[in-house]
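# Inside the fold
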Amino acid sequence: MTTPPVPARPPSLAAPAAPSAGGALVATGLVQTYGAGATATTALAGVDLTVAPGESLAIMGPSGSGKTTLLHVLAGILRPSAGSVTWRGRDITRLGDRERTLLRRDELGFIFQSGRLLPELPAVENAALPLMLAGTPRDVAERTAAGWLAHLGLAGMERRRPGELSGGQAQRVAVARALVGSPGVVFADEPTGALDQATGAEVLDVLTRAARTAGAALVVVTHDPGVARHLSRTVAMRDGRIVDEFRAPQAAPDGRSGR
Ligand SMILES: Nc1ncnc2c1ncn2[C@@H]1O[C@H](COP(=O)(O)OP(=O)(O)OP(=O)(O)O)[C@@H](O)[C@H]1O
Ligand SMILES: [Mg+2]
């Protein structure tokens, strides 16, 4: 695979500023306990975290330290036992299921480790899915998705199904799907964990650049210090708490230095 050239803006971004521009994601006092009684596990033991607009953040820490739990709470997938997550003036932990679903569809993007693409759909339809679900006409949705696929170096592969793509290519489709709806924040849980190191580095590179193009903040869970080096800030977790934090020296505080 080759790294795609810096492309023209995808069609979805031809419109004036995505609504992603304003507002931080602010988590306060997050506690998450799984189970009850003797078997209860405290996965988050009081996490405060702010993700600035357009910032790129790595979450690191040993297995079981609460990274995935934190990501799921920040992304509105999981409602915490206590604490709040404020996004665009709303505490998303207090939204009803339907509102939360709409929020996740329209304002937040999520990339799973394995991509979770639908195997029977071609790449362009996988990438267009969030727009289709939001009621965007099919031709517009697929044109926008194709723009993102091209942006991510997959021009000509639009009709291939996930099984006809390499792992790195399939993960780029997952990146396209996460960005196609112009989200304010993109979350990724070990997005390169299933890839070899070189391919993983390429996917991460296109992910960070695409998020920057889209003006989206990026929150990436990773075990790989090489991944964290691509991002503007890293927080380290242990036993459900953030125990350390550092910034990449070369990046601007808001992560938009390359814009
Ligand atoms: N659904 C669940 N039910 C019960 N306990 C859970 C559940 N999900 C996670 N846990 C526990 O919560 C803690 C944090 O898990 P989490 O998945 O957030 O860790 P992680 O940092 O993402 O780990 P890894 O690096 O292995 O993915 C662990 O002790 C885990 O066993
Ligand atoms: Mg995890």
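Residues numbered from 1 in each chain as written. Chains lettered and ligands numbered in written order. Predicted model: local features only at pLDDT ≥ 70, side-chain atom pairs only at ≥ 80, totals over all residues. Heavy atoms only, no water.

So, about the pairing of strand β3 (residues 56-60). The element β3 is largely enclosed, with a buried count of five among its five residues. Burial along β3 is two-sided: the face carrying Ser56, Ala58 and Met60 and the face carrying Leu57 and Ile59 are both buried. In terms of strand pairing, β3 meets strand β8 (residues 217-221) through four bridges, oriented parallel. Among the inter-strand pairings, Ser56 is bridged to a residue of β8, identified as Leu218. Judged from the four bridges that link them, β3 and strand β9 (residues 233-238) form a sheet pairing that is parallel. The residue of β9 that forms the bridge with Leu57 is Arg233. (Buried < 20%, exposed > 50% of the residue type's maximum accessible area, 1.4 Å probe, protein only. Helix = DSSP H or I, 4+ residues; strand = E, 2+ residues; numbered from the N terminus. Pairing = 2+ DSSP bridges.)

Taken together, 13 residues surround ligand 1, and among them Ser63, Gly64, Lys67, Thr68 and Thr69 come closest. Thr69 places a polar side-chain atom, nitrogen or oxygen, 2.6 Å from an oxygen atom of ligand 1. Contacts to ligand 1 include His223, whose side-chain N or O atom sits 3.3 Å from an oxygen atom. Notes on ligand 1: free accessible area 630 Å², of which the protein chains cover 59%. Secondary-structure elements contributing two or more residues to the shell around ligand 1 are β2 (41-51) and α1 (67-74). In terms of residue count, α1 provides more of the shell around ligand 1 than any other element does, three residues in total. The class makeup of the residues in the shell around ligand 1 is three nonpolar, eight polar and two charged. (Near = heavy atom within 4 Å. Polar contact = N/O pair within 3.5 Å; in protein donor to acceptor, adjacent residues only side chain to side chain. Areas by Shrake-Rupley, 256 points an atom, 1.4 Å probe, with all protein chains shown as cover. Nonpolar A, V, L, I, M, F, W, Y, C, P; charged D, E, K, R; others polar.)

Take the nonpolar core next. Counting residues in each nonpolar core, the largest one holds 41 residues, and the members touching the most others are Ile111, Leu149, Val186 and Leu207. If you list the elements that add at least two residues to this core, you get β3, α3 (123-133), α4 (138-151), α5 (167-179), β7 (185-189), α6 (197-214), β8 and α7 (225-228). Residues within four places of Leu207 in sequence aside, it is in contact with Ile111, Val175, Val186, Ala188, Pro191 and Leu218. If you look at the next biggest cluster of nonpolar residues, it comprises 28 residues, including Leu70, Val73, Leu95 and Leu103. (Core = buried A, V, L, I, M, F, W, Y, C linked by side-chain atoms within 4.5 Å. Contact = heavy atoms within 4.5 Å.)

Remember that the coordinates give geometry; whether it matters functionally is a separate question.
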